[in-house]
Amino acid sequence: MSLDLFTPQGHAGREQLGAGTWLLRQRAVPSLAQLQAGLRQILRQAPLRHLTTPGGQRMAVAMSNCGSLGWHSDTAGYRYQRIDPLSGQPWPPMPAAFSALATAAAAEAGYPDFQPDACLINRYRPGDGLSLHQDRNERDLLQPVVSISLGMTASFIWGGLQRTGRSRKLPLYHGDMLVWGGPDRLRFHGVAPLQGPPHAEWGGKRINLTFRRAG
Ligand code: SIN
Ligand code: FE2
């Protein structure tokens with residue numbers, strides 16, 4: 001597979017955003033075809049759906065999962081579970097190319113033993129955002145979170161350890177990966193309402209994959 005030297009956003013390379021956080025620009029580009037094919041198959045088995053928050057609100061972002069555990073939310077709360085409540089079946093398995101990429105990126109960011117068992121798939125349409133939150137439903141918070149951005153550019157909100165702490169916004173482009181863990185594992189983060197031009201290949205949406213060791 002050829003590297004896309006003409007990506008409009010240009011910059012590959014890596015940037016350390018915090019003691020435990022690395023932005024790996026364009027790190028997923030060599031795997032895009034495998035990611036796209038894998039996603040198509042997963043979403044046939046476990047379609048994207050709008051979950052309900054514990055407070056009873058419909059989430060704007062549509063979600064699905066692959067891997068042995070899937071993240072779920074309803075009025076009973078946030079949790080991971082083995083069965084997709086929509087199908088009554090286990091979540092589709094995590095493709096080897098997905099887990100290999102997440103493990104490699106985590107190692108490059110200083111987490112050499114990361115073996116994800118959950119991959120949450122988020123789909124944003126223009127106007128959809130994700131409010132500031134911490135990822136804290138996983139059993140072992142020493143394990144990092146690994147994220148892959150696909151499609152339209154996101155404005156990612158990277159906050160502090162307190163909800164009211166200072167935050168910065170950074171663009172996440174198609175093919176970028178972000179890894180956070182260690183002292184940054186419980187940082188607040190979110191996504192500003194999606195805006196801007198549609199992506200040339202993926203159209204008017206952004207897909208984000210987040211890999212976690214949940215169980
Ligand atoms: C998340 O926090 O679960 C998703 C973040 C993102 O979409 O970039
Ligand atoms: Fe999150």
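A quick note: this is a predicted structure, and the numbers were derived from the prediction, not measured. (Residues numbered from 1 in each chain as written. Chains lettered and ligands numbered in written order. Predicted model: local features only at pLDDT ≥ 70, side-chain atom pairs only at ≥ 80, totals over all residues. Heavy atoms only, no water.)

## As for the site of ligand 1
Close to ligand 1 lie Asn122, Tyr124, Leu130, His133, Phe156, His189, Val191, Arg206, Asn208 and Arg212, which account for all nearby residues. At a separation of 2.5 Å, an oxygen atom of ligand 1 approaches a polar side-chain atom of Tyr124. A distance of 3.1 Å is found between an oxygen atom of ligand 1 and a side-chain nitrogen or oxygen belonging to His133. Coverage of ligand 1 by the protein amounts to 98% of the 260 Å² it exposes when considered alone. Here ligand 1 is seated within the largest pocket. Sorting the residues of the shell around ligand 1 by element identifies β9 (118-124), β10 (130-133), β15 (189-191) and β16 (206-212) as the ones contributing at least two each. When grouped by side-chain class, the residues that make up the shell around ligand 1 number four nonpolar, four polar and two charged. (Near = heavy atom within 4 Å. Polar contact = N/O pair within 3.5 Å; in protein donor to acceptor, adjacent residues only side chain to side chain. Areas by Shrake-Rupley, 256 points an atom, 1.4 Å probe, with all protein chains shown as cover. 1 Å grid on protein atoms, 1.4 Å probe; cavity = no way out; pocket = protein on both sides within 12 Å on 5 of 7 lines; lining within 4 Å. Sits in = over half its atoms within 2 Å of the grid points. Helix = DSSP H or I, 4+ residues; strand = E, 2+ residues; numbered from the N terminus. Nonpolar A, V, L, I, M, F, W, Y, C, P; charged D, E, K, R; others polar.)

## A few points about the packing of helix α1 (residues 32-45) against helix α2 (residues 96-108)
Axis angle and axis distance: for two packed helices, these are the angle between their axes and the distance between the axes, and together they describe the pair. At a minimum axis separation of 9 Å, α1 and α2 run at an interaxial angle of 130°. Here α1 is positioned oblique relative to α2, judged by the angle of their axes. With respect to the hand of their crossing, α1 and α2 are arranged in left-handed fashion. Seen from α1, the contacting residues are Gln34, Leu35, Gly38, Leu39 and Ile42; seen from α2, they are Ala97, Phe98 and Leu101. (Axes fitted to C-alpha atoms, helices over the stretch in contact; angles between N-to-C directions. Parallel < 35°, antiparallel > 145°, perpendicular 65-115°, else oblique. Left-handed = near helix turned anticlockwise from the far one by under 90°. Contact = heavy atoms within 4.5 Å.)

## Side note on the state of the cysteines
All told, the structure shown has zero disulfides when counted by the stated rule. Cys66 forms no disulfide, and the closest cysteine sulfur to it belongs to Cys119, at a distance of 3.9 Å. (Disulfide = S-S within 2.5 Å.)

## A word on the pairing of strand β12 (residues 154-158)
When you tally the buried positions in β12, you get four out of five residues, the bulk of the element. Judged from the three bridges that link them, β12 and β15 form a sheet pairing that is antiparallel. Its bridge partner being in β15, Trp158 is matched across the sheet by His189. (Buried < 20%, exposed > 50% of the residue type's maximum accessible area, 1.4 Å probe, protein only. Pairing = 2+ DSSP bridges.)

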